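Commentary on secondary and tertiary structure
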Amino acid sequence: MAILRAHRGKHRPRALVVPLLAVSAAAALAIIWFLFFPPSLTSAFSLAPPAAAYASESEGSSGLERKYLYWGSRIDCPGKHCDSCAGLGHQESSLRCALEEALFLQRVFVMPSRMCINPLHNKKGILHQHSNTSSEERWAANSCPMDSLYDFDLFSSKVQVILDNSKMWYRILSTSMKLEETGVAYVEGVSRVDLKENIDYSNVLLINRTTNPLAWFMECKDRTNRSSVLLPYSFLPMVAARKLRDAADKIKALLGDYDAIHVRRGDKIKTRKDQFGVIRTLHPHLDRDTRPEFIQQRIEKWIPAGRTLFIASNERSPGFFSPLSARYKLAYSSNFSGILDPVIENNYQLFMVERLVLVGAKTFVKTFKVDEMDLSLTDDPKKNAKHWQIPIYTMEREGR
């Protein structure tokens, strides 16, 4: 067994190239199965060849003309989210990070076949919590097929993927064990540049990547140079599954000429008391800025009175935005239940449809400014993980 080692600062990158010497094919596949999947997950899979294939697998292709990149059996797992999961936005950040590395390395990304659904972001009733169910059964109940969210035919226009329940993935696993030093490399702490340029890695059929234990997207967190970002934020929203795109198109057709706002409240306006009992929040103006009276003041210079205004929000109070109806013709996704009910199975799908409707508006106002040219409801920064401040509810808008 050849072991490759590299050193970089305080980190000790590791790579393990697994050759097949005098091991039977069945035993070899069992070995690599346990290398790639933690023990808690292996019982959820069969070593029999899966029946599913996927769009990026061309007819008659063995797949061996390409090289592959594997980050884990679930988004952000291995890591702290193996037994839980973040919301759709965080999982997409992690997925986009992994896809960027595959694109940079010119490798096919092995996509987890299911996405975990956070119960805090779902009200569609597909989640089931029973104390007598196994972790694998809970995972199946609390997740959805990845191809119910994304269109992998569209994916292939930018980055090649295969699903980890596909026949192609089974074939790659089997073959990688027969290629000795060029079969599979388990790497940890190795930069993507080294993975691309070091022949010890670049010639290997399959790279098994151990990423940041906090979340996959941490691997991309230090890249502040925007020119190095290979996949824009808009990529994943635009490759939504066809049925979701079709639903969004029908809604946009009914709305006609419209404007839109995305109002993020819920988890973003949560508060806590400090040691002196003073209420604090990470976004001091957000609760104020996303109330109807302040929304109207903010958007009136961008959206004239009388316009149709589509509102997407995680605010659950009935009639919360009704005061805006004095100036605008309001529309919500709930107005289109005839289109959405036959299609939507969870809130992740609903939000993906809403995103497509939002970006189709003549004028779209986001909650937070992400890019310099964005219109936003608040000037509070979107990312603030440490600075808890006293909420502000006064009418003054500092610097506005």
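What you see is a predicted model; the values in this text were computed from it and never measured.

Any two side chains of opposite charge can pair if their charged atoms end up close together. What the rule picks out here adds up to 17 salt bridges. Of the charged contacts in the structure, one is a salt bridge between aspartate 259 and arginine 307, with a shortest N-O distance of 2.6 Å. With aspartate 259 in strand β10 (residues 258–263) and arginine 307 in the loop between α12 (292–299) and β13 (308–313), this residue pair connects regions lying 48 residues apart in the sequence. Each member of the pair, aspartate 259 together with arginine 307, is buried. The closest approach of N and O atoms between aspartate 287 and arginine 291, which form a salt bridge, is 3.2 Å. Classification of aspartate 287 as buried rests on a relative accessible area of 12%. One salt-bridge network, held together by shared partners, links Glu101, Arg192, Arg209 and Glu219.

On to the sheet that holds strand β16 (residues 375–376), then. Reading across from one edge, β14-β13-β10-β15-β16 is the order of the five strands in this open sheet, with parallel pairing throughout. Here the strands that pair on one side only, and so sit at the sheet edges, are β14 (329–331) and β16. Direction of pairing for β10 relative to β13: parallel, over a ladder of six bridges. Pairing of valine 263 across the sheet is with serine 313, part of β13. Each of β10, β13, β15 (364–366) and β16 is contacted by α12, which is oriented at about 130° to β10, the strand it contacts most.

For the rest of this paragraph, the subject is the nonpolar core. Judged by nonpolar contacts, the single largest core of 61 residues is most densely connected at Leu99, Phe109, Met111, Tyr150, Phe155, Phe310 and Val353. The residues touching methionine 111, leaving out its near neighbours within four places in the chain, are Leu95, Leu99, Met146, Phe152, Phe155, Val161, Ile162, Leu163 and Asp164.

With that settled, the discussion passes to the state of the cysteines. What is meant by a disulfide is a covalent connection between two cysteines, made through their sulfur atoms. This structure, assessed with the given rule, holds one disulfide. Paired by a disulfide, cysteine 97 and cysteine 220 hold their sulfur atoms 2.1 Å apart. An S-S torsion of about 95° defines the bridge between cysteine 97 and cysteine 220 as right-handed. Taken together, the residues cysteine 97 in helix α3 (residues 88–105) and cysteine 220 in the loop between β9 (206–210) and α9 (235–238) connect sequence positions 123 residues apart. The exposure classification of cysteine 97 matches that of cysteine 220, with both residues buried.

Take helix α14 (residues 347–359) next. If you check α14, its first and last C-alpha atoms are 18 Å apart, about what 13 residues at 1.5 Å a residue would give, namely 18 Å. Burial analysis of α14 places 11 of its 13 residues in the buried class, which makes it a mostly covered element. Restricting attention to buried positions, one finds in α14 the residues Asn347, Tyr348, Gln349, Leu350, Met352, Val353, Glu354, Arg355, Leu356, Val357 and Leu358. One side-chain oxygen of the residue at the start of α14 lies 3.0 Å from the amide nitrogen of tyrosine 348, identifying that residue as asparagine 346.

Quick look at the side chain of aspartate 380 now. Its location among the elements puts aspartate 380 in the segment after β16. Polar side-chain contacts of aspartate 380 include one of 2.7 Å to the side chain of histidine 285. The contact partners of aspartate 380, leaving out residues within four places of it in the chain, are His283, Pro284, His285, Leu286 and Phe368.

What follows concerns the packing of aromatic side chains. One pair of aromatic rings is described through two measures. These are the centre distance and the angle between the planes. Throughout the structure, instances matching the rule amount to seven aromatic pairs. Considering the side-chain rings of tyrosine 70 and tryptophan 169, the 5.1 Å spacing of their centres and the 15° angle between planes classify their relative orientation as stacked. Placement of the pair is tyrosine 70 in strand β3 (residues 68–70) and tryptophan 169 in helix α6 (residues 167–176), with a sequence separation of 99 residues. Since its relative accessible area comes to 0%, tyrosine 70 is described here as buried. Judged by centre distance (5.0 Å) and plane angle (85°), the rings of phenylalanine 320 and phenylalanine 321 are edge-to-face. Taken as a pair, phenylalanine 320 and phenylalanine 321 share a single burial class, namely buried.

The pLDDT averaged across the protein chain works out to 81; a share of 75% of its residues lies at or above 70. Contacts from residues 1–14, a stretch scored under 50 in pLDDT, to residues over four places away or in other chains number 31 contacts.

The topology assignment puts alanine 326 in the loop between β13 and β14. Given the relative accessible area of 74%, alanine 326 is considered exposed. Sequence-wise, alanine 326 and glycine 306 are 20 residues apart; in three dimensions their C-alpha atoms are separated by 8.9 Å.

Note on strand geometry: in a regular strand, side chains alternate between the two faces of the sheet. Burial runs high along β10: six of the six residues are buried. Going residue by residue along β10, you find Tyr258, Ala260 and His262 tucked away on one face and Asp259, Ile261 and Val263 tucked away on the opposite face as well. Bridge count between β10 and β15: two bridges; the pairing is parallel. Looking at the pairing, isoleucine 261 lines up with valine 365 of β15.

Basis of the calculations
Each chain carries its own residue numbering, running from 1 in the written order of its sequence. Confidence filtering applies because this is a predicted model: local features only for residues at pLDDT of at least 70, side-chain atom pairs given and counted only at 80 or more, and all residues used for totals across whole chains, interfaces and linings. Side-chain metrics in this entry use all non-hydrogen atoms of the structure; hydrogen atoms and water are not considered. When a carboxyl oxygen of Asp or Glu lies within 4 Å of a side-chain nitrogen of Lys or Arg, that pair is called a salt bridge. Helix and strand assignments come from DSSP, with helices taken as H or I runs of at least 4 residues and strands as E runs of at least 2, each series counted from the N terminus. Burial here depends on accessible area, computed with a 1.4 Å probe over protein chains only, as a share of the maximum for the residue type. Under 20% is buried, over 50% is exposed, and the range in between is partly exposed. Two strands pair if DSSP finds at least two bridges between them. In this analysis, two residues are considered to be in contact whenever any of their non-hydrogen atoms come within 4.5 Å of each other. Note on method: axes are straight lines fitted to C-alpha atoms, helices fitted across the in-contact stretch only, with angles between N-to-C directions ranging 0 to 180 degrees. In these notes, a set of buried Ala, Val, Leu, Ile, Met, Phe, Trp, Tyr and Cys residues joined through side-chain atoms within 4.5 Å is what counts as a nonpolar core. Two cysteine sulfur atoms form a disulfide, by the criterion used here, when they sit within 2.5 Å. Each residue after the first adds 1.5 Å to the expected span of a helix. Within 3.5 Å is the distance limit for a polar contact, defined as a pair of N or O atoms, with the added protein rule that one can donate a hydrogen and the other accept it, and that residues adjacent in sequence qualify only through two side-chain atoms. Under the pairing criterion, centres of Phe, Tyr and Trp rings, with the six-membered ring standing for Trp, must be within 6.5 Å; the plane angle then separates stacked pairs below 30 degrees from edge-to-face pairs above 60, leaving the rest tilted. Confidence of the predictor at the level of single residues is given by pLDDT, which spans 0 to 100.

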